[in-house]
Amino acid sequence: ADKALLAGKTVNFSVNGVMVGSATSLADGTVSLDYVIPAMTAGIYPVVMSFDGDDLYQPTTRSGATLTVK
């Protein structure tokens, strides 16, 4: 049973399969990353957050959202 706080976990962010940065989770478990959207061709791009895991948690990749460029 996982009982450790989710604070201090490094989460990686990618857009359309390209790593754009990482951030560390806050005490409440939230993670955010500022990202400047470059010029992109119209389309739908997946935004994915991934956690490599550690001694208490398994690695995970979750699709967080999609970015629609018109």
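Keep in mind it's a predicted model, so treat the numbers as computed, not measured.

Remarks on the pattern of salt bridges
- Throughout the structure, instances matching the rule amount to one salt bridge.
- For aspartate 54, the salt bridge is made with lysine 9, and the minimal N-O distance between the two is 2.6 Å. Here the residue aspartate 54 occupies a position in the loop between β3 (43-51) and β4 (60-69), and lysine 9 occupies one in the segment before β1 (10-15), the gap between them amounting to 45 residues.
- Residue classification places aspartate 54 among the partly exposed positions, given a relative accessible area of 33%.

Some details on the environment of tyrosine 57
- Inspection of the secondary structure assignment puts tyrosine 57 in the loop between β3 and β4.
- Given the relative accessible area of 15%, tyrosine 57 is considered buried.
- Note: C-alpha distance between tyrosine 57 and leucine 6 (51 residues apart in sequence) is 9.5 Å.

Focus on the side chain of asparagine 12
- Structurally, asparagine 12 can be placed in strand β1.
- Beyond its immediate stretch of four places on either side in the chain, asparagine 12 contacts Met19, Gly21, Ser22, Val48, Met49, Ser50 and Asp52.

Cut-offs and rules
- Residues numbered from 1 in each chain as written.
- Predicted model: local features only at pLDDT ≥ 70, side-chain atom pairs only at ≥ 80, totals over all residues.
- Heavy atoms only, no water.
- Salt bridge = Lys/Arg side-chain N within 4 Å of Asp/Glu carboxyl O.
- Helix = DSSP H or I, 4+ residues; strand = E, 2+ residues; numbered from the N terminus.
- Buried < 20%, exposed > 50% of the residue type's maximum accessible area, 1.4 Å probe, protein only.
- Contact = heavy atoms within 4.5 Å.

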